[in-house]
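# Observations on chain architecture
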Amino acid sequence: MKLLFLGSGSAFTVGANNYQSNMLLMDESGRKLLIDCGSDIRFSLHDRGYSYQDITDVYISHLHADHVGGMEFIGLTTFFDPRCPKPNLYVSKDVAAELWDRCLAGGMQSIGNELADIDTFFNVHKVGRNEHFIWNDLKISLVRVVHIDNGYSLMPSYGIFFALGGQKIFITTDTQIALDTTQEYYENADIIFHDCETSRFPSSVHAHYRELVNLPERWKNKMWLYGYQPGHLPDAKSAGFLGFVQRGDIFEFYNRVPNPAISSTIDR
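Throughout what follows, the structure given in this document is the object of discussion.

## Some words on the overall build of the chain
The helix and strand inventory of the chain stands at eight helices and 17 strands. Relative to a compact globule of 268 residues, whose C-alpha radius of gyration would be 18 Å, the chain shows 18 Å and is just as compact. Here the chain holds 268 residues, and the buried ones make up 53% of them. Across the chain, every contact between residues at least 6 apart in sequence was considered, and the portion connecting residues at least 24 apart equals 58%. Charge-centre separation for the chain: the mean point of 23 positive side chains lies 4 Å from the mean point of 32 negative side chains.

Here's what the structure looks like:
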């Protein structure tokens, strides 16, 4: 099984050398699970030699545009291409409740002489609280993370946790450092792909590098960092991390190997 980072940048990444942090989980049979589908997706897929035709399964973590802004592209292109099966969409129930009305309906509700809904474009699999979904025999558990807390409510946002090839993997998606919700996953995971803001002016809704660097060594030693801003990056390896993920990095997971290696990268 391989995990490809189509991009490794933040929501507002610009330039030809990176895209938003969306990923493809791929198996040997060619099935692909798109982990988040941001507004860069048509470009980041094309850059790696893929298209909407390759996307049969999608997981959405939350409703920010760098995670959901490309769903109109995937939904409409697969709908109007008779070669494409309807994609499966895996999403938490509370995210699903708002996905159509707040994000997709404006551009997708009318198709020809018909009114559409989310089921017109996707086979929707809603995941309940403390539950999981099965993709290609892989059990993927949702982990609620603290991303946006406006003082009245917590925005629904979910990382994912799964075991692959004897290794336990935690992908945080967008998150602040909130040890009361994530500490057990830091402890239990063998490898962590962690949201990492590097901005000079922290937004307070992402884990910033200056905070992450103070985490215990036993956690940093299994962390790859992604979701950063353009510009100079600190020396994460010297600080105890595995490093910063780069656009195009492919992590290949094998049975009984303690840590995956990057099997293919762009030029550093």
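Picking up where we left off.
## Some thoughts on the environment of Asp-94
Mapping Asp-94 onto the fold places it in helix H4 (residues 93-108). A sequence separation of 61 residues divides Asp-94 from Met-155, and the C-alpha atoms of the two residues are 9.4 Å apart. Among the polar contacts listed, one links the side chain of Asp-94 to the side chain of Ser-92, at a separation of 2.5 Å. In this structure the side chain of Asp-94 is engaged in a polar contact, spanning 2.8 Å, whose partner is the side chain of Tyr-158.

## Side note on the pattern of salt bridges
Taken as a whole and assessed by the stated rule, the structure comprises six salt bridges. Lys-220 is paired through a salt bridge with Glu-217; the nearest N and O atoms lie 3.0 Å apart. Of this pair, Lys-220 and Glu-217 both sit in helix H8 (residues 217-220), separated by three residues, roughly a single helical turn. What makes Lys-220 buried here is its relative accessible area of 4%. A relative accessible area of 44% means that Glu-217 is categorised as partly exposed.

## A few points about the side chain of Ser-199
Checked against the element boundaries, Ser-199 lands in the loop between strand E13 (191-195) and helix H7 (209-212). Here the side chain of Ser-199 touches Phe-201 through a polar contact of 3.0 Å, landing on its backbone nitrogen. Each residue touching Ser-199, except ones within four places of it in the same chain, is listed here: His-208, Arg-210 and Gln-229.

## Details of the nonpolar core
Ranked by internal contacts, the top residues of the largest apolar core, which has 60 residues, are Leu-3, Ile-171 and Phe-193. If you tally residues by element for this core, the top one is H4, at seven residues. Not counting residues up to four positions away in its chain, the partners in contact with Ile-171 are Leu-3, Met-23, Ile-35, Gly-159, Ile-160, Phe-162, Phe-193 and Tyr-226. Of all hydrophobic cores here, the second largest spans 22 residues; its members include Val-145, Phe-170, Tyr-228 and Leu-233.

## A short note on the packing of helix H3 (residues 71-79) against H4
Remark: H3 packs on H4, axes separated minimally by 10 Å, with the N-to-C direction vectors making an angle of 45 degrees. Between H3 and H4, the angle is such that the two are oblique. Crossing of H3 against H4: the hand is right-handed. Between H3 and H4, the residues in contact are Met-71, Glu-72, Gly-75 and Leu-76 and Leu-104, Gly-107 and Met-108, respectively. A breakdown of the residues in the contact of H3 with H4 according to their chemical character gives four nonpolar, two polar and one charged.

Cut-offs applied
- Residues numbered from 1 in each chain as written.
- Predicted model: local features only at pLDDT ≥ 70, side-chain atom pairs only at ≥ 80, totals over all residues.
- Heavy atoms only, no water.
- Helix = DSSP H or I, 4+ residues; strand = E, 2+ residues; numbered from the N terminus.
- Rg over C-alpha atoms; globule rule 2.2 N^0.38 Å.
- Buried < 20%, exposed > 50% of the residue type's maximum accessible area, 1.4 Å probe, protein only.
- Contact = heavy atoms within 4.5 Å.
- Lys, Arg positive; Asp, Glu negative; His and termini not counted.
- Charge placed at Lys NZ, Arg CZ, Asp CG, Glu CD.
- Polar contact = N/O pair within 3.5 Å; in protein donor to acceptor, adjacent residues only side chain to side chain.
- Salt bridge = Lys/Arg side-chain N within 4 Å of Asp/Glu carboxyl O.
- Core = buried A, V, L, I, M, F, W, Y, C linked by side-chain atoms within 4.5 Å.
- Axes fitted to C-alpha atoms, helices over the stretch in contact; angles between N-to-C directions.
- Parallel < 35°, antiparallel > 145°, perpendicular 65-115°, else oblique.
- Left-handed = near helix turned anticlockwise from the far one by under 90°.
- Nonpolar A, V, L, I, M, F, W, Y, C, P; charged D, E, K, R; others polar.

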